[in-house]
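Single-letter residue listing:
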Amino acid sequence: EVLLLESGGGLVQPGGSLRLSCAASGFPFSTYVMNWVRQAPGQGLQWVSGISGSGGTTYYADSVKGRGTISRDNSKNTLYLQMNSLTVEDTAIYYCAKGNALSGLVWDSWGQGTLVTVSS
Amino acid sequence: DIQMTQSPSTLSASVGDRVTVTCRASQNIFSWLAWYQQKPGKAPKLLIYKASTLETGVPSRFSGSGSGTEFTLTISSLQPDDFATYFCQQYNLYPLTFGGGTKVEIK
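All values derive from a computational prediction rather than experimental measurement.

### Notes on the overall build of chain A
Check the secondary structure of chain A and you find zero helices and 11 strands. Mapped in sequence order, the helices and strands of chain A form the string β-β-β-β-β-β-β-β-β-β-β. Against the 2.2 N^0.38 benchmark of 14 Å for 120 residues, chain A shows a C-alpha radius of gyration of 13 Å, consistent with a compact globule. Over its C-alpha atoms, taken along the principal directions, chain A stretches across nearly 40 × 25 × 25 Å. Out of the 120 residues in chain A, the part that is buried amounts to 51%. Intrachain contacts of chain A at a sequence separation of at least 6 include 53% that bridge at least 24 residues.

Below, the structure is given as structure tokens:
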């Protein structure tokens, strides 16, 4: 069974930083594209960032480019998202999502999400 | 960026109804479209990808169609478990983008 477990969310002041983690199990982690998708309270879904299985290729939404860094440790089956210079607009539930076997750009498994609240 | 527009934003229907949700892309995305279902407090669930391919385990009452810029998600006979919000997502070009969602409510 595929399991994705996010952690690292919480309350942070504007301008602060957070590192989100996603621990994966139940599948060969290093062979799958992984992504972060977020959802502001009561709002729709927004793709944040993606990373290839090897970690060598990364993609970012404009809203986090320059402030966010996606990475992965395949020896630990863990995905990360480092977010800096946080603003209130970054307040959201952050989900990690696994690409399906045919395309890393659609996501067949999701974690339960971790809530990031940016507020003074 | 490719804009994805869903309609309607809210849909009221009864159990057994045939339901159709529309998603329009601001430019040609070929068949690179997925549909997700999300229930309150839960993560999204993949229903359909490549416009019409049903994800494993998804009931056959769900179907998808379309190509280019116009797509539809159809639920042939709405079941109690189907009351949820549905999102389309294009994956033709980065940044990957979603529609605003369609909430299917009980009539």
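### Points about the overall build of chain B
Tallying secondary structure elements over chain B gives zero helices and 11 strands in all. Since a compact globule built from 107 residues should have a radius of gyration of about 13 Å, the 13 Å found for chain B is in line with a globular shape. Its C-alpha atoms give chain B principal-axis dimensions of about 35 × 25 × 25 Å. Counting all 107 residues of chain B, 49% fall into the buried class. Contacts spanning at least 24 positions in sequence make up 55% of the contacts within chain B whose residues lie at least 6 apart. As displayed, chain B has an accessible area near 4,900 Å², and 48% of this comes from carbon and sulfur atoms. Chain B carries 9 positive and 7 negative side-chain charges, and their two centres are separated by 3 Å.

### A closer look at the layout of surface pockets
What the largest pocket holds in volume is close to 360 Å³. The wall of the largest pocket is formed by 19 residues, among which Gln39(A), Gln43(A), Gln38(B), Pro40(B) and Thr85(B) lie closest to the centre. Every element with two or more residues in the lining of the largest pocket is listed here: strand E9 (92–99) of chain A together with strand E9 (85–90) of chain B. Its residues placed into classes, the lining of the largest pocket shows eight nonpolar, eight polar and three charged. Quantified by volume, the second largest pocket comes out at close to 240 Å³. Surrounding the second largest pocket, 13 residues form its lining, Gln46(A), Asp1(B), Leu96(B), Thr97(B) and Phe98(B) being those nearest its centre. Only strand E5 (45–51) of chain A together with strand E10 (97–98) of chain B provide two or more residues apiece to the lining of the second largest pocket. Take the lining of the second largest pocket: its biggest share by element is three residues, from E5(A). Among the residues making up the lining of the second largest pocket, the classes are represented as eight nonpolar, three polar and two charged.

The rules we used
Residues numbered from 1 in each chain as written. Chains lettered and ligands numbered in written order. Predicted model: local features only at pLDDT ≥ 70, side-chain atom pairs only at ≥ 80, totals over all residues. Heavy atoms only, no water. Helix = DSSP H or I, 4+ residues; strand = E, 2+ residues; numbered from the N terminus. Rg over C-alpha atoms; globule rule 2.2 N^0.38 Å. Buried < 20%, exposed > 50% of the residue type's maximum accessible area, 1.4 Å probe, protein only. Contact = heavy atoms within 4.5 Å. Areas by Shrake-Rupley, 256 points an atom, 1.4 Å probe, with all protein chains shown as cover. Lys, Arg positive; Asp, Glu negative; His and termini not counted. Charge placed at Lys NZ, Arg CZ, Asp CG, Glu CD. 1 Å grid on protein atoms, 1.4 Å probe; cavity = no way out; pocket = protein on both sides within 12 Å on 5 of 7 lines; lining within 4 Å. Points joined across faces, edges and corners; volume = space filled by probe spheres on them. Nonpolar A, V, L, I, M, F, W, Y, C, P; charged D, E, K, R; others polar.

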